[in-house]
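The lines below spell out each chain.
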Amino acid sequence: MEALGCEADLVLDALADVYALRDVQSLCDRVCECVVRLSDYRLALLSLYFGDDVYIGLEGGSDDLRNRFFETASTTPMEVRQKKRAQIWSNHRIPGTDLCFIPAGSEIHFGPSFTPSPEAPGAEWQPDDRLMLFVRGAQAEVHGVLSLDHPADGQRPDPEDLGSLRAVDRFMKLMAVQIHNRHLAHKLQESEERYAAVVEQG
């Protein structure tokens, strides 16, 4: 019961930030911070795509990691991303969730943008393991991926007992819609400002 109370407090805290932060990038970083607090993972990286706009949220990683991901995300064609997502979803989804666990040595090839996590003696988690959550909008469309790494307990996720990952899965379903709404509001404001500038010049 106490854990559920902490989860509820965290969700309410993050929702307050949704309405307080107008900058989408800052909001993405805040969501990653909340995910790390909520889960057993030390690193959270959120990559979102809204048309030509790309956002990389990060907690627990370096600016170099963010920059590498942004460069890859900005230059990879959409059809390539969609093909890889479909392969991951088909072969590595954890049933009943938007989570996918891709073990080291799988058929999925990942580029060098995500640095392998440190190898811990006796840990089940391998440096090249990948755990990701598909981030969906209100119509179930995929806007991006939340990647998690560096599990505090060194263990791989157990599909029969996901623990805090269940909370992360629910949390991101809520936050994804809010981020998308904030992005739409931002684009609307930009459009209105451009229109006002044209009218003023005319």
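Residues numbered from 1 in each chain as written. Predicted model: local features only at pLDDT ≥ 70, side-chain atom pairs only at ≥ 80, totals over all residues. Heavy atoms only, no water.

(A) Looking closely at the layout of surface pockets. Taken as a whole, the largest pocket spans an internal volume of roughly 520 Å³. Forming the boundary of the largest pocket are 22 residues, of which Tyr-49, Phe-69, Thr-72, Lys-84 and Phe-110 lie nearest the centre. Of all elements in the fold, only β1 (41-50), α3 (63-75), α4 (78-92), β4 (130-136) and β5 (142-151) reach the threshold of two or more residues within the lining of the largest pocket. Ranked by the residues each element gives to the lining of the largest pocket, the list is headed by α4, at five residues. Considered class by class, the residues forming the lining of the largest pocket number 11 nonpolar, seven polar and four charged. Forming the boundary of the second largest pocket are Asp-40, Tyr-41, Asp-153, Gln-155, Arg-156, Pro-157, Asp-158, Asp-161, Leu-162, Gly-163, Ser-164 and Leu-165. Here the residues of the lining of the second largest pocket sort into four nonpolar, three polar and five charged. (1 Å grid on protein atoms, 1.4 Å probe; cavity = no way out; pocket = protein on both sides within 12 Å on 5 of 7 lines; lining within 4 Å. Points joined across faces, edges and corners; volume = space filled by probe spheres on them. Helix = DSSP H or I, 4+ residues; strand = E, 2+ residues; numbered from the N terminus. Nonpolar A, V, L, I, M, F, W, Y, C, P; charged D, E, K, R; others polar.)

(B) How the structure looks around the packing of aromatic side chains. Under the counting rule described, the total for this entry stands at four aromatic pairs. Consider the rings of Phe-101 and Trp-125, whose centres lie 5.9 Å apart with planes at 50°: the pair is tilted. Placement of Phe-101 in strand β3 (residues 99-102) and of Trp-125 in the loop between β3 and β4 is noted, with a sequence separation of 24 residues between them. With a relative accessible area of 5%, Trp-125 lands in the buried category. Here the aromatic cluster, defined as three or more aromatic residues joined through ring pairs, consists of Tyr-41, Phe-101 and Trp-125. Note that Arg-81 overlies the ring of Tyr-49, its terminal NZ or CZ placed 3.8 Å from the centroid. (Phe/Tyr/Trp six-rings, centres within 6.5 Å; stacked < 30°, edge-to-face > 60°. Buried < 20%, exposed > 50% of the residue type's maximum accessible area, 1.4 Å probe, protein only. Lys NZ or Arg CZ within 6 Å of the ring centre and 35° of its normal.)

(C) The sheet that holds β5, seen in detail. What the five strands build is an open sheet, ordered β2-β1-β5-β4-β3; its pairing is antiparallel. Strands at the two margins of the open sheet, each flanked by one partner only, are β2 (53-59) and β3. Across the sheet, the axes of successive neighbouring strands diverge by a mean angle of 20°, strand direction being ignored. Looking at chain direction, β3 and β4 are connected through four bridges and run antiparallel. Note that in β4 the partner of Ile-102 across the bridge is Arg-130. Against the sheet, helix α2 (residues 24-38) touches β1, β2 and β5, its axis set at about 35° to β2. (Pairing = 2+ DSSP bridges. Axes fitted to C-alpha atoms, helices over the stretch in contact; angles between N-to-C directions. Contact = heavy atoms within 4.5 Å.)

(D) Just unusual backbone geometry, in detail. Phi is positive for Ala-140, which is not a glycine, with a value near 70°. Backbone geometry places His-150, a non-glycine residue, at a positive phi of 60°. In this structure, His-150 sits in strand β5.

(E) Expanded view of the pairing of β4. Counting buried residues in β4 gives six out of seven residues, a clear majority hidden from the surface. Two elements, β4 and β5, share six bridges in a ladder whose sense is antiparallel. Counted as the bridge partner of Phe-134 is Val-145 from β5.

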